[in-house]
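Understanding the architecture of this molecule
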Amino acid sequence: MSLFFIVALPFLGALLPGIMNSAGRAACAGVTFTVSLAAFVGLLTNLPAVLAGEVVTARVEWMPELGLNFTLMLDGLGFFFAFLILGIGLLIITYGRHYLSRDDHMGEFFTYLLLFQGAMVGIVLSDNILLLLVFWELTSLSSFLLIGYWKHLPEGRQGARMALTVTGMGGLAMIGGMLILGQIAGSYDLSVILQNREAIQADPLYVPALILILLGCFTKSAQFPFHFWLPHAMAAPTPVSAYLHSATMVKAGIFLMARMWPVLSGTPEWFVIVTTAGLITMVLGSVIALFKHDLKALLAFSTVSHLGLITMLLGTGTTFGAFAAVFHILNHATFKAALFMSAGIVDHEAKTRDIRQLGGLRTLMPVTFTIATLAALSMAGIPFLNGFLSKEMMLEETTHTVLFGVWWLVPALATFGSLMSAAYCFRFIGHTFLGPVRDDYPAKPHDPNAGMWMPPALLVVLVVVIGVAPFLVQDFVILVAKAVIGGTADLEVKYIKIWHGLVPALYMSVAAVVGGLLVVAIFKPLLKIWDAAPRPEAKVIFEAIVETAAAAARGFTHSLHNGAFTRYAMIGFVAIVAAGYHAWATGTVGAATRDLQEAGAVPIAGWAMLVASTVGLVFLHRNRFLALILIGIVGLMVSIGFVFLSAPDLAMTQFTVEVVTIILLLLALNFLPKQTPVESTALRRIRDAGVAIAGGLATFALAYHYLLRDAVSTPISEFHLANSYKGGGGTNVVNVILVDFRGFDTYGEIIVLGIAALLIYALTETLLNGPVRRRLLNRLPDQPRAGDMHPMMMVVLTRVIMPVVLMVGFYIFLRGHNEPGGGFIAGLVVSIAVVMQYMASGFSWAAARIRYPYHGIIGAGVLIAGLTGIGSWFVGKPFLTSDFTYVRIPPFNEFELATAALFDLGVFQAVVGAVMLSLESFSRLAHRPNTPESDHPMDIDPSRDEAPPVVPGLEKEGG
Amino acid sequence: MELLVASAIGVMTAGGVYLVLRLRTFPVILGISLLTYAVNVFLFASGRLTVGAPPILRDDITAYADPLPQALVLTAIVISFGMTAVVVMIGLGAFLGSDDDHVDEQPEPETTEGET
């Protein structure tokens, strides 16, 4: 089976358990098992090739520019790990199906499990280190979900967070390390990197890369000083613990060290860092494990200890060390998974995992007792069990390892670690299963059904078989070890022996086992000393660090982001002016190349009006109606300025937008207070004025300077002017730019406009469906109502003028390609025509006559514009390429037909829809559907005040 | 002429900035509109000022105003309408929801002094 399928199957299969959840627990576990089994069988089909020493690869280019390719490879090492992941995964699924209670959501559990499985398989099969990083992060995320599976338990959530924080930060460090490594090797493909040992180790960046990658490995594999997260992850359901901590998650770091072994190991830095970390972890883990009362915590720390052992073996950098490491990975996976599952069985049946409440289970749970005892004895290093063989190799290796120049340091510490390891194994057996039967178990323990004890039993069979007949797996282990070593050295180990003769390792083993028994014998006094001794609690330290970091971040963020918009705006303006001033002061300003143009009396008059109304607006802005009129004058002057300065299209757009903006603001003002109260202090106003004047002076200076200088290089507008008619078929260059040269830009703009309108609509809906609705309905108008809601003259005028305005819009639209006009302006003109109907005849009247919803008009516009663009694909041209021709239909003049006109039609519709949807949404806030409203003009309300004060703009509230 | 346009941009910017720094939503919206005018005119002026030469191609004319800033500003005007409408809606929604049209978060209900 292709490697792609092996990796993809768990991910694809992850969809199934969720779907099958309602089909029952058996079905749910069944599909999960089938998916895993399929991947497992797929893996096995590659076994012959791997045994023949081939490397199976699969390659798909993903982002070759970045060096990121979806390349997979399967060699001995990858096969070994994938076999463990999928094989133990199958056992875990079987076990989990019986372990989870009826209250647990099984589909969710198996979905997470398959996601995790897929990510792990991805790691071990990746041939590209960037791809490996992707899978690496996926394991962090999916293990977070698994550890926190019991969401109702605070320990579960905390443990999951801690695991994610630690492994996530390690992953971040590793990304840095991998990128450096890829830069050195010139490729992100593992197969290439593994060939470049000399180049990588000679590079000055080798040490930073090594440290960063090791950070990733150590956090994942819970090496000192990052070992603390693993025990807290024990809050997860036992199947998760068994899976994560025996064969998968924590082995990912070990895998990566083994994978990178050929290029990274063998240097003094590697030796010192990895061996030391491994040794400390091994000793520390075993000591803590001895004094844990929770079975799973005991096993967790023993995992930490054994991972340290493997790390230390990899750290020695010798081929024998690598060989022993591989063998111990296999052995550890078998006995540790069996032990976790046994602990889970005890917990499941006795309803406690506290070792102090247990004891004497030997007769009550004989099957579990046998399984757990064999596995624990193997972990303790008793002969004829597989743990003995690899532990012996480890001790053998330590006698050749000299750290910091002290020959006895490593062997002594390793023996001590083994001693403690043997001690906690004996304690595990003795205090759980041996001793007198008690009568105070929380539940009556008995052996579980076969579904729960079969998986660990299967593993224990392996433990015994490998222990008695190691030659069965010998060739396979050698194959894997050779894959670890790569082509760099020869493996001198040829076979695995049970009996080595009277070598130092044997004495060390015997010392460890005897010492372990002694320690258990004097356990009670030791525990008293241990409990009395002060020691740091990792969780407290971790939480203190997290809390400090969060408090620092909060302090920093809140001091800047305190909810005061004016403050942000102030900081923003000052920063922009300061940055501009800096550029101005450090840059050079060329001499003026253009002459000042004469300004006649009319421009000066326009300018004076603009300045006067702006100044007036600033001083009189507290009267909001007046402010609206003044800003209208500003907009009008700007439009007239555009006309004067050769921009007729802009003038028309500005003018029409001005109209709809003022209507919009009037609609809003209907609800808002009509006055702005005086709140700010004089000092504050002076300060704001200072900032404003500085900003104004800055823009003035900038604008004035560049207006007197020509562009540094020829503007691209020359191209537009030259090609507008030839290429675009239109003489109005502005319109041709909009619909042709920069059509894609325009396409984006109409979409943005449409989204803005939909946003307004959505906000209105939210307001109208919330508590605001009641307030709106009970609201009394704060201004006197006009008695004449729909004045006759206005109604007649707007209705008569409507066809004329539509005609004008149509005309402006059609001529847009050659004369000032086009879709934008036509859209605005038509919108105004429709808005006038709303204003004159009332909301209900107009709304009843609108045949198409405005959303649909926006959508149709965007669709037409998009389809026009796509149309050019059919003739093999890029998106939005336009074409045109001239046709003549008598009796009309010859006129032009361009695809750009179709695009412009889309623009037109989008503008009409967006403007109308916005304005209509605002009006709906004032609309009261249940109040009777006359359709007819001249509906004079006799109850009106005798002399209503006339306020400008008020008659626009009609409805 | 250049002086007039540049000073108009400066005046509108100053007015816009001052209004944006006010404490209630409505003047802030007016300020944003004023800033929009200033920015649009500023962008338009980057094509330099040309009187009486609109970029409508004619057979016997060779000098035209720069069309590109005009095209960009045209869409900017329309988009700024959309933006203003959204901002107005947000301001209005906030006012209707809380009966308060302050721009800044108000620490205590009785505080009327806007200094934060």
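Small disclaimer: the values here were computed from a predicted structure and weren't measured.

Side note on the confidence of the model for chain B
Chain-level pLDDT for chain B is 86 on average; 91% of the residues reach the 70-or-more range. The low-confidence segment residues 110–116 of chain B (pLDDT under 50) makes 12 contacts with residues lying over four places distant or belonging to another chain.

Section: the packing of helix α40 (residues 854–871) of chain A against helix α41 (residues 899–926) of chain A
Residues and elements named next belong to chain A. Closest axis-to-axis distance for the α40/α41 pair is 7 Å, and the angle between their directions is 160°. Judged by the angle between their axes, α40 and α41 are roughly antiparallel. Note on packing geometry: the crossing formed by α40 with α41 is left-handed. The residues of α41 that touch α40, namely those facing Y854, H855, I857, I858, A860, G861, I864, A865 and T868, are T899, L902, F903, L905, G906, Q909, A910, G913, A914, M916, L917 and E920. Within the contact of α40 with α41, the residues separate by chemical class into 13 nonpolar, seven polar and one charged.

Here's the deal with helix α32 (residues 682–707) of chain A
When the terminal C-alpha atoms of α32 of chain A are compared, their 37 Å separation across 26 residues agrees well with the 38 Å that a helix rising 1.5 Å per residue should span. All of the buried residues in α32 of chain A are R684, D688, V691, A692, G695, G696, A703, Y704, Y706 and L707 of chain A. The secondary structure elements touched by the buried residues of α32 of chain A are α28 (565–586) of chain A together with α1 (2–20) and α2 (25–45) of chain B.

Overview of the environment of A833 of chain A
Residue and element names in this part refer to chain A. Assignment of secondary structure puts A833 in helix α38 (residues 823–841). As a C-alpha pair, A833 and T676 span 157 residues in sequence and 32 Å in three-dimensional space. When sequence neighbours within four positions are dropped, the list of residues in contact with A833 reads M802 and V805.

What to know about the environment of L15 of chain A
Mapped onto the fold, L15 of chain A is located in helix α2 (residues 15–20). Residues L15 of chain A and L114 of chain A, 99 residues apart in the sequence, show an inter-C-alpha distance of 9.0 Å.

Notes on the packing of aromatic side chains
Residues and elements named next belong to chain A. Overall, the coordinates contain 25 aromatic pairs over all chains when judged by the stated rule. Between F369 and F433 the ring centres are 5.5 Å apart and the planes differ by 55°, which places this aromatic pair in the tilted class. Pair noted here: F369 is in helix α20 (residues 366–380) and F433 is in the loop between α22 (409–432) and α23 (450–468), with a separation of 64 residues, a long-range link. Overall, F433 belongs to the buried group, its relative accessible area being 1%. Ring plane angle 15° and centroid distance 5.8 Å describe the contact between F700 and Y704, whose orientation is recorded as stacked. Placement of the pair is F700 and Y704 together in helix α32, with a separation of four residues, close to one helical turn. Through a chain of ring-to-ring contacts, the aromatic side chains of F40, F79, F80, F81, F83, F255 and F476 assemble into a single cluster. The ring of W845 carries R799 above its face, with NZ or CZ at 3.9 Å from the centroid.

Here we look at empty space enclosed by the protein
Overall, the coordinates contain nine cavities of 30 Å³ or more when judged by the stated rule. Quantified by volume, the largest cavity comes out at close to 150 Å³. Along the walls of the largest cavity sit 15 residues, with V657, E658 and T661 of chain A together with Y37 and S80 of chain B positioned nearest its centre. Looking at the lining of the largest cavity, the elements with two or more residues in it are α31 (648–669) of chain A together with α2 and α3 (67–98) of chain B. Here the lining of the largest cavity takes six residues from α31 of chain A, the largest share from any one element. Residue composition of the lining of the largest cavity, grouped by class: seven nonpolar, seven polar and one charged.

As for the interface of chain A and chain B
At the interface, 112 residues of chain A touch 87 residues of chain B. Summed over both partners, the interface of chain A with chain B buries about 9,100 Å², with 75% contributed by carbon and sulfur atoms. Ranking the residues of chain A by area buried against chain B places L645, E679 and L707 of chain A at the top, with a combined share of 8%. Remark: the boundary between chain A and chain B carries five salt bridges.

Notes on the layout of surface pockets
Residues and elements named next belong to chain A. Of the pockets and cavities examined, the largest pocket occupies roughly 1,100 Å³. Taken together, the elements giving at least two residues each to the lining of the largest pocket come down to α8 (154–185), α12 (229–232), α16 (268–290), α17 (295–316), α18 (319–350), α26 (523–532) and α27 (538–560). Class assignment for the residues of the lining of the largest pocket results in 23 nonpolar, seven polar and 12 charged.

Quick notes on the rules
- Residues numbered from 1 in each chain as written.
- Chains lettered and ligands numbered in written order.
- Predicted model: local features only at pLDDT ≥ 70, side-chain atom pairs only at ≥ 80, totals over all residues.
- Heavy atoms only, no water.
- pLDDT = per-residue confidence, 0-100.
- Contact = heavy atoms within 4.5 Å.
- Axes fitted to C-alpha atoms, helices over the stretch in contact; angles between N-to-C directions.
- Helix = DSSP H or I, 4+ residues; strand = E, 2+ residues; numbered from the N terminus.
- Parallel < 35°, antiparallel > 145°, perpendicular 65-115°, else oblique.
- Left-handed = near helix turned anticlockwise from the far one by under 90°.
- Nonpolar A, V, L, I, M, F, W, Y, C, P; charged D, E, K, R; others polar.
- Expected span 1.5 Å × (residues − 1).
- Buried < 20%, exposed > 50% of the residue type's maximum accessible area, 1.4 Å probe, protein only.
- Phe/Tyr/Trp six-rings, centres within 6.5 Å; stacked < 30°, edge-to-face > 60°.
- Lys NZ or Arg CZ within 6 Å of the ring centre and 35° of its normal.
- 1 Å grid on protein atoms, 1.4 Å probe; cavity = no way out; pocket = protein on both sides within 12 Å on 5 of 7 lines; lining within 4 Å.
- Points joined across faces, edges and corners; volume = space filled by probe spheres on them.
- Buried area = accessible area lost by both parts, 1.4 Å probe.
- Salt bridge = Lys/Arg side-chain N within 4 Å of Asp/Glu carboxyl O.

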